[in-house]
Amino acid sequence: MIDVLTETPVQEPQRIRGLEMPWNRVMGSIEGPASAAKALGPWHPQEFVAECVETVPEAGGMMTFVFRRCDGAPLAFRPGQYVNIAFPVNGDDQEPVDRSYSLSSSPTQPWTFSVTVKRDPGGLVSPWVHQNVRPGTVLDMLGPVGAFHLPDADRRARYLFLAAGAGITPIMSMMRTIHSLAGTADVVVLYHGAEAGGFAFHRELAYIASVDSRIKVFYALGDRGRPEDWEGFSGRLTSAMIDEVAPDANGRQVYACGPEGYLNSATELLRKVGVDDTSIYMEFFSGDRQTLLEYQAELALAADIAGEIAEDIAESAEDYFESQPAAFGMYEPGYDEDGTLQATGLALEAVGPEAPAAAATPAPAPEAQAPDASSFDTVGTGSLTLSFMRTGINVRIDPEEPILGVAQRAGVRIGANCKEGMCGSCKVVRLSGEIDMNHQGGIRKREIDAGKFLPCCSTARTDMVIDA
């Protein structure tokens, strides 16, 4: 029998100098960058639709929501940035409420991404998010946004991370990123919480600190709720506390995130210990009117950029993928020969932690019969009928009504973003019937020839059958 408990000397891993993000050399290369690496590099803000695929309860009244883009593309961002999300708090037929949440996951794992939301019992959005966002929930998003992020390359890579409460969220993205990459980073984290059991991610932080010699994590409790056996720091942030965890703070890049009062205090304390203002980066989770206006301006700029280049992206992607030999079988985001990726992807099935494992999927019947639309329930009034085959519903409409709005009111699940025929995210297949479509570049001729259309900018001319 092998003795798995035999102790063996553990050597420190050998690392390259400094910290470098995987996309850095691609972005700086004068040669044509590899396409996969380019795809994973930090792009510009985009408007996209994402689907929740997992929820993870966290300590401190927080919940992590894991998403994937509905178009199948990765989300490229820098660790520390945030996304702006439209939540239908007041119902699908009302204007959504936008909120910005920091990304808590690492961009080195870009195929899914996470935001972590602290529930504010008196808030409008966060209670709704905790109660309603579940696997399968589809939301409109804008991002990535924000200048609060790690550099793409840092030869010294010495950081002091200060976090209070939910301010740990972008810091967690930075921690996960550094832990996943090579490099001689030197990281000190000082994490303030309100109560001993309220530190989100504490198990993962403990694990990272135990296996990654580059990272040290310290905890501090405020003036209240300190148990007798508490071994961390006590009280609010002080210059002595900073000196104790990072005596060389004035040689580090400092990233701080938390409430306005905490960050204002941190600014003064960091100056006291000799940290230059140019080495301090802050993200406010609450702030005065000026701070809020700055964030609004940042989002408005991001939305403008996303809108201006959406068509360019579509055109360049089309040129790129059409230039690839068919034998490569290159992945093309947004659609494939059988329809949209959203429509053909693996369906989510929410199960509880104690649910039995799913049984093997039986083979499909060799001659499965298509559902008969005449047996569907019919809602609405109007002179024409839209039959949604996947949803199993008939909707009566007037010819001048845009099809997307009708579908969404009837509960038909169709992803949508720009709603002006530009982005192509609502693309679906028309099985029969005639339409008038007034798109703005969001669909290509070959897709139209294949029966696809954009319901956001289309009206029906006849009765229709739609694969949605």
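Coordinates for the structure precede this section.
All values derive from a computational prediction rather than experimental measurement.

Considering all chains together, one arrives at 14 salt bridges under this definition. The partner of Arg-78 in a salt bridge is Asp-152, and the shortest N-O contact between them spans 2.8 Å. Within this pair, whereas Arg-78 is found in the loop between strand 3 (62–69) and strand 4 (82–87), its partner Asp-152 is found in the loop between strand 7 (138–145) and strand 8 (153–154), the two being separated by 74 residues in sequence. Asp-152 carries the same exposure label as Arg-78, and that label is buried. Between Glu-204 and Arg-176 there is a salt bridge whose closest N-O contact spans 2.7 Å. Of this pair, Glu-204 sits in helix 5 (residues 202–211) while Arg-176 sits in helix 4 (residues 168–180); the two residues are 28 residues apart in sequence, bridging distant segments of the chain. Residue class for Arg-176 comes out buried when judged on its relative accessible area of 19%. Among the ionic contacts, a cluster of salt bridges with common partners joins Arg-158, Asp-186, Asp-248 and Arg-252.

Our next topic: unusual backbone geometry. Of the consecutive residues Gly-143 and Pro-144, the connecting peptide bond is found in the cis state with omega at 0 degrees. Locating Pro-144 in the fold gives a position in strand 7. One non-glycine residue, Ala-157, adopts positive backbone phi at about 50 degrees. As for its placement among the helices and strands, Ala-157 is situated in the loop between strand 8 and strand 9 (158–164). If you check the backbone angles, Phe-201 has positive phi at about 65 degrees while not being a glycine.

Position of Ile-393 among the secondary structure elements: in strand 19 (residues 393–397). When its relative accessible area of 13% is taken as the criterion, Ile-393 is described as buried. For Ile-393 and Ala-410, which are 17 residues apart along the polypeptide, the C-alpha to C-alpha distance reads 8.3 Å. Excluding residues within four positions of it along the chain, Ile-393 makes contact with Phe-376, Asp-377, Val-379, Leu-386, Ser-387, Phe-388, Ala-410 and Val-412.

Between the first and last C-alpha of helix 4 there are 18 Å, a value that for 13 residues agrees with the 18 Å anticipated at 1.5 Å per step. Burial runs high along helix 4: 11 of the 13 residues are buried. For helix 4, the full list of buried residues reads Ile-168, Thr-169, Pro-170, Ile-171, Met-172, Ser-173, Met-174, Met-175, Arg-176, Thr-177 and Ile-178.

All told, the structure shown has 14 aromatic pairs when counted by the stated rule. Between Phe-218 and Phe-233 the ring centres are 6.3 Å apart and the planes differ by 55 degrees, which places this aromatic pair in the tilted class. Here Phe-218, found in strand 11 (residues 215–221), pairs with Phe-233, found in strand 12 (residues 233–234); they are 15 residues apart in sequence, far enough to count as distant. On the basis of relative accessibility, which here comes to 27%, the residue Phe-218 falls in the partly exposed class. With centroids separated by 4.7 Å and ring planes inclined at 15 degrees, the aromatic side chains of Tyr-255 and Tyr-281 adopt a geometry described as stacked. Pair noted here: Tyr-255 is in strand 13 (residues 253–258) and Tyr-281 is in strand 14 (residues 280–284), with a separation of 26 residues, a long-range link. Given the relative accessible area of 28%, Tyr-281 is considered partly exposed. The rings of Phe-148, Tyr-159, Phe-161, Tyr-255 and Tyr-281 are connected pair by pair, giving a single aromatic cluster. Residue placement shows Arg-69 over the ring face of Phe-48; its charged tip is 4.6 Å from the ring centre.

Conventions adopted
- Throughout, residues of each chain are indexed from 1 in the direction in which the sequence is written.
- The predicted nature of this model means local features are confined to residues of pLDDT at least 70 and side-chain atom pairs, given and counted, to a pLDDT of 80 or more, with totals for whole chains, interfaces and linings taken over all residues.
- Only hydrogens and water are set aside when side-chain values are computed; all heavy atoms of the structure are taken into account.
- The working definition used for a salt bridge is a side-chain nitrogen of Lys or Arg within 4 Å of a carboxyl oxygen of Asp or Glu.
- By definition, any uninterrupted DSSP run of H or I lasting at least four residues is a helix, any uninterrupted run of E lasting at least two residues is a strand, and each is numbered from the N terminus.
- Burial here depends on accessible area, computed with a 1.4 Å probe over protein chains only, as a share of the maximum for the residue type. Under 20% is buried, over 50% is exposed, and the range in between is partly exposed.
- For this analysis, residues touch if any pair of their heavy atoms sits within 4.5 Å.
- In a helix, the anticipated span is given by 1.5 Å times the number of residues less one.
- Two rings belonging to Phe, Tyr or Trp (six-membered ring only in the last case) form a pair when the distance between their centres is within 6.5 Å. Interplanar angles under 30 degrees mark stacking, angles over 60 mark edge-to-face geometry, and anything in between is tilted.
- Either the NZ atom of lysine or the CZ atom of arginine qualifies as a charge over a ring when it sits within 6 Å of the ring centre and within 35 degrees of the ring normal.

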